[in-house]
Amino acid sequence: MNLANYFFGQFLEKKEEIKHVVHQSFILVIPHLFRIAIIGFLLPVAIYVMFSELLLFCVFWMIVSFVKLLMIFYTWYYDSWIITDRGVIDIKSANLFDISSTRIEYHMIEGISYSVSGFWATVIRYGDLTLEKLGSGTAVTLKKAANPAKAENILLKNQEKYMEFRTMQDHHTLRE
């Protein structure tokens, strides 16, 4: 998880450890990448082959397409949940300059659920993950998350470990 620590380190507290990162299913990004590959790279090459004097235009077109490709990947990567040893950090990224994060500590989680609906969602294994906050009645959802059953299982195990640690810590404090 060193790479995840590098990219998501700005969202972590001191000595917080990343246990798992949940992204949207990458398969859902492939149609966008395919479209950019055709329109952004193959089309300019075809134009250049037919009209070689348009080299600068074609190169500029490919550079813009490459930047668009990076933006799609960036948005996909940063629209995620970070499951840590202390809670869940929900990161939303609309674009390069619009990132927000919400931290939900394990003791503030009332419920965790996921839903997979549709043939392709079942085959590809993606669905919606939902966390319900204790007392507020609000829910945080990651749409089209990759393998939501596994993510829910990891989240529940880490929540259980955290609650056991916190109970032991409270018990130790009361004894003193």
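Computed from a prediction, not measured in an experiment: that's the story for all the values here.

J.: Just give me the short version of the nonpolar core, but keep the residues and values in it.
T.: Counting 16 residues, the largest nonpolar core has Val22, Trp81, Ile109, Leu131 and Leu155 as its most contacted members. Setting aside its immediate chain neighbours within four residues, valine 22 contacts Ser80, Trp81, Ile83, Leu129, Leu142, Ala145, Ala146 and Ala151. With 15 residues, the next largest nonpolar core counts Ile36, Ile72, Trp76 and Tyr77 among its residues.

J.: I'd like a rundown of the pattern of salt bridges, residues and numbers included.
T.: Overall, the coordinates contain seven salt bridges when judged by the stated rule. Ionic pairing is found between lysine 92 and aspartate 90, a salt bridge with its closest N-O pair at 3.7 Å. Look at lysine 92 and you get partly exposed, because its relative accessible area is 30%. Owing to a relative accessible area of 5%, aspartate 90 belongs among the buried residues under this scheme. The closest approach of N and O atoms between lysine 143 and aspartate 128, which form a salt bridge, is 4.0 Å. Of this pair, lysine 143 sits in strand β7 (residues 139-146) while aspartate 128 sits in strand β6 (residues 126-133), and the two are 15 residues apart along the sequence. For aspartate 128, a relative accessible area of 22% gives the class partly exposed.

J.: Quick rundown of the sheet that holds β6? Include the residues and the values.
T.: Read across the sheet, three strands follow the order β5-β6-β7 without closing on themselves; strand pairing throughout is antiparallel. Strands at the two margins of the open sheet, each flanked by one partner only, are β5 (109-115) and β7. In this sheet, adjacent strand axes meet at a mean angle of 15° when their direction is disregarded. Here β5 pairs with β6 via six bridges, running antiparallel. By the bridge assignment for β6, isoleucine 109 is matched with lysine 133. In this fold helix α5 (residues 148-175) packs onto β5, β6 and β7, with an angle of close to 165° to the strand it touches most, β5.

Rules behind the numbers
Residues numbered from 1 in each chain as written. Predicted model: local features only at pLDDT ≥ 70, side-chain atom pairs only at ≥ 80, totals over all residues. Heavy atoms only, no water. Core = buried A, V, L, I, M, F, W, Y, C linked by side-chain atoms within 4.5 Å. Buried < 20%, exposed > 50% of the residue type's maximum accessible area, 1.4 Å probe, protein only. Contact = heavy atoms within 4.5 Å. Salt bridge = Lys/Arg side-chain N within 4 Å of Asp/Glu carboxyl O. Helix = DSSP H or I, 4+ residues; strand = E, 2+ residues; numbered from the N terminus. Pairing = 2+ DSSP bridges. Axes fitted to C-alpha atoms, helices over the stretch in contact; angles between N-to-C directions.

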